[in-house]
Amino acid sequence: MNWLREFEAEAERRRRREDPPWSRGARLHPDLARSVQRFQVGEAGDGANLIAKAAGDDGYLAAVKLFVAEEQNHARMLAELLKAAGVPTIAAHWSDTVFVRLRRALGLRLELMVLLIAEVVALRYYRALRDGTADPLVTQVAARILADEERHVPFHCDRLRAGFAGLPRAGRATVFGAWRVLLLGVAVTVAADHGPALRRLGVGRLVFVADVLTAFEAALARIRGDEPKPKPRHVPKRARPRGLV
């Protein structure tokens with residue numbers, strides 16, 4: 001897939017599309033407001049470190065810059081949503097600080113591995129936010145962000161697939177095993193930290209963690225290059241007429 005073309009097309013669609021109607025206002029339960037505040041901080045990075053690591057591949061670098069712009073637009077929309085609900089943004093949250101420090105200490109491939117964890121968690125979170133609230137503005141903002149995240153995950157997967165191509169199968173299995181452990185720790189932490197908000201959205205902590213793990217396994221399959229196998233079609237046997245041998 002030509003990811004640069006995909007990101008350019010989305011940037012043009014975003015330029016032509018009107019913003020959500022912020023003046024309508026929004027209603028956010030305090031539990032949801034605190035949760036959205038924390039995700040807003042996580043979306044607000046400048047992406048400078050990732051952009052620097054992507055240097056050397058002009059096409060990928062251009063796509064990464066557009067990816068960062070989409071993440072910054074998420075932060076902007078979440079900030080506007082909080083404002084519409086009469087809730088201030090926050091300057092920092094410990095979870096984002098840990099993620100940023102971990103990512104910056106690593107090379108491109110390992111940074112993308114950490115970033116993919118955040119993106120997979122975001123997939124489930126924004127789906128819950130879209131489907132679990134009756135507020136039209138919250139639903140619209142969550143739907144727009146979710147649509148972007150559904151492109152971001154395969155974008156990172158395709159780059160990581162190329163990055164892991166030269167790694168022996170045994171080494172890759174070891175890395176993927178450690179990666180799963182890290183993902184599980186993050187998913188459990190997010191479920192605990194955002195548990196009250198998730199309950200408000202109708203999603204239990206265990207369901208959230210299980211759904212994140214399922215999405216992560218799908219991402220790993222894409223990185224490995226595994227094609228989904230079609231399920232065998234069940235054809236019921238024709239009943240034998242009674243009285244015939």
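### Topic: the overall build of the protein
Item 1. When helices and strands are counted, the protein shows 10 helices and zero strands.
Item 2. Counting every position in the protein, which comprises 245 residues, the buried fraction comes to 40%.

### Some points on the nonpolar core
Item 1. Counting residues in each nonpolar core, the largest one holds 65 residues, and the members touching the most others are Leu116, Tyr126, Leu129, Trp179, Phe208 and Ile223.
Item 2. Of all elements in the fold, only helix H1 (3-16), helix H2 (30-43), helix H4 (58-84), helix H6 (108-131), helix H7 (136-164), helix H8 (169-193), helix H9 (195-200) and helix H10 (205-224) reach the threshold of two or more residues within this core.
Item 3. Here the element with the most residues in this core is H6; it accounts for 14 residues.
Item 4. Apart from the residues lying within four places of it in its own chain, the contact partners of Phe208 are Val121, Arg124, Tyr125, Ala187, Val190, Ala191, Leu198 and Val203.

### Considering the packing of aromatic side chains
Item 1. Scanning all chains against the criterion turns up 12 aromatic pairs.
Item 2. Ring centres of Phe7 and Phe155 lie 4.9 Å apart, and the angle between their planes is 75°; this geometry places the pair in the edge-to-face category. Of this pair, Phe7 sits in helix H1 while Phe155 sits in helix H7, and the two are 148 residues apart along the sequence. When sorted by exposure, Phe7 lands in the same class as Phe155, which is buried.

### Structural notes on the confidence of the model for the protein
Item 1. Looking at the protein as a whole, its pLDDT mean stands at 87, while 86% of the residues score no less than 70.
Item 2. Long-range and interchain partners of residues 230-245, a stretch whose pLDDT sits below 50, account for zero contacts in this model, where long-range means more than four residues apart.

### Let's talk about the packing of H1 against H4
Item 1. One way to put it is that H1 packs onto H4 with a least axis distance of 9 Å and a crossing angle of 35°. You can see that H1 and H4 cross each other, and the crossing is left-handed. Of the residues in H4, those touching H1 at Leu4, Phe7, Glu8, Glu10, Ala11 and Arg14 are Gly59, Ala62, Ala63, Leu66, Phe67, Ala69, Glu70 and Asn73.
Item 2. Its residues assigned to classes, the contact of H1 with H4 shows eight nonpolar, two polar and four charged.

### Focus on H4
Item 1. For H4, with 27 residues, the first-to-last C-alpha span of 39 Å sits near the 39 Å given by 1.5 Å per residue.
Item 2. Positive backbone phi, approximately 75°, marks Gly86, located one or two places after H4.

### Observations regarding the pattern of salt bridges
Item 1. Taken as a whole and assessed by the stated rule, the structure comprises 18 salt bridges.
Item 2. Residue Arg16 is joined to Glu12 by a salt bridge in which the shortest nitrogen-to-oxygen separation is 2.8 Å. Of the two residues, Arg16 and Glu12 both sit in helix H1, four residues apart, roughly one turn of that helix.
Item 3. When its relative accessible area of 65% is taken as the criterion, Arg16 is described as exposed.
Item 4. The partner of Arg38 in a salt bridge is Asp193, and the shortest N-O contact between them spans 3.1 Å. Placement of Arg38 in helix H2 and of Asp193 in helix H8 is noted, with a sequence separation of 155 residues between them.
Item 5. Looking at Asp193, the relative accessible area reads 23%, which means it is partly exposed.
Item 6. Taken together, the salt bridges that share partners define one network made up of Arg14, Glu70, Asp148 and Arg151.

### A closer look at the environment of Ala75
Item 1. As for its placement among the helices and strands, Ala75 is situated in helix H4.
Item 2. On the accessibility criterion, Ala75 (4% relative accessible area) is buried.
Item 3. Taking the C-alpha atoms as reference points, Ala75 and Val41, 34 residues apart in sequence, are found 7.1 Å from one another.

About the cut-offs
Residue positions are counted from 1 within each chain, in the order its sequence is given. Under the rules for a predicted model, residues below a pLDDT of 70 receive no local features and side-chain atom pairs below 80 are neither given nor counted, while totals for whole chains, interfaces and linings still include all residues. Side-chain numbers here rest on the full set of heavy atoms in the structure, without hydrogens or water. Each helix corresponds to a stretch of at least 4 residues labelled H or I by DSSP, and each strand to a stretch of at least 2 residues labelled E; elements are numbered beginning at the N terminus. Buried, partly exposed and exposed residues are distinguished by accessible area as a fraction of the type maximum, computed with a 1.4 Å probe on protein chains only: under 20%, between the cut-offs, and over 50%, respectively. Definition used in this section: a nonpolar core is a set of buried Ala, Val, Leu, Ile, Met, Phe, Trp, Tyr and Cys residues joined via side-chain atoms within 4.5 Å. Whether two residues are in contact is decided by their heavy atoms: any pair within 4.5 Å suffices. The pairing test for Phe, Tyr and Trp rings, Trp by its six-membered ring, is centres within 6.5 Å, and the orientation test on the planes gives stacked under 30 degrees, edge-to-face over 60, and tilted for anything in between. In predicted models, pLDDT denotes the confidence assigned by the predictor to each residue on a 0 to 100 scale. Lines fitted to C-alpha atoms define the axes here, with helix axes fitted over just the stretch in contact, and angles between the N-to-C directions of these axes take values from 0 to 180 degrees. Here a crossing is called left-handed whenever its near helix is offset anticlockwise from the far helix by less than a right angle, and right-handed whenever the offset is clockwise. Gly falls in the polar group here, along with every residue not listed as nonpolar (Ala, Val, Leu, Ile, Met, Phe, Trp, Tyr, Cys, Pro) or charged (Asp, Glu, Lys, Arg). Every helix has an expected span of 1.5 Å times one less than the residues it contains. Think of a salt bridge as a Lys or Arg side-chain nitrogen and an Asp or Glu carboxyl oxygen that are within 4 Å of each other.

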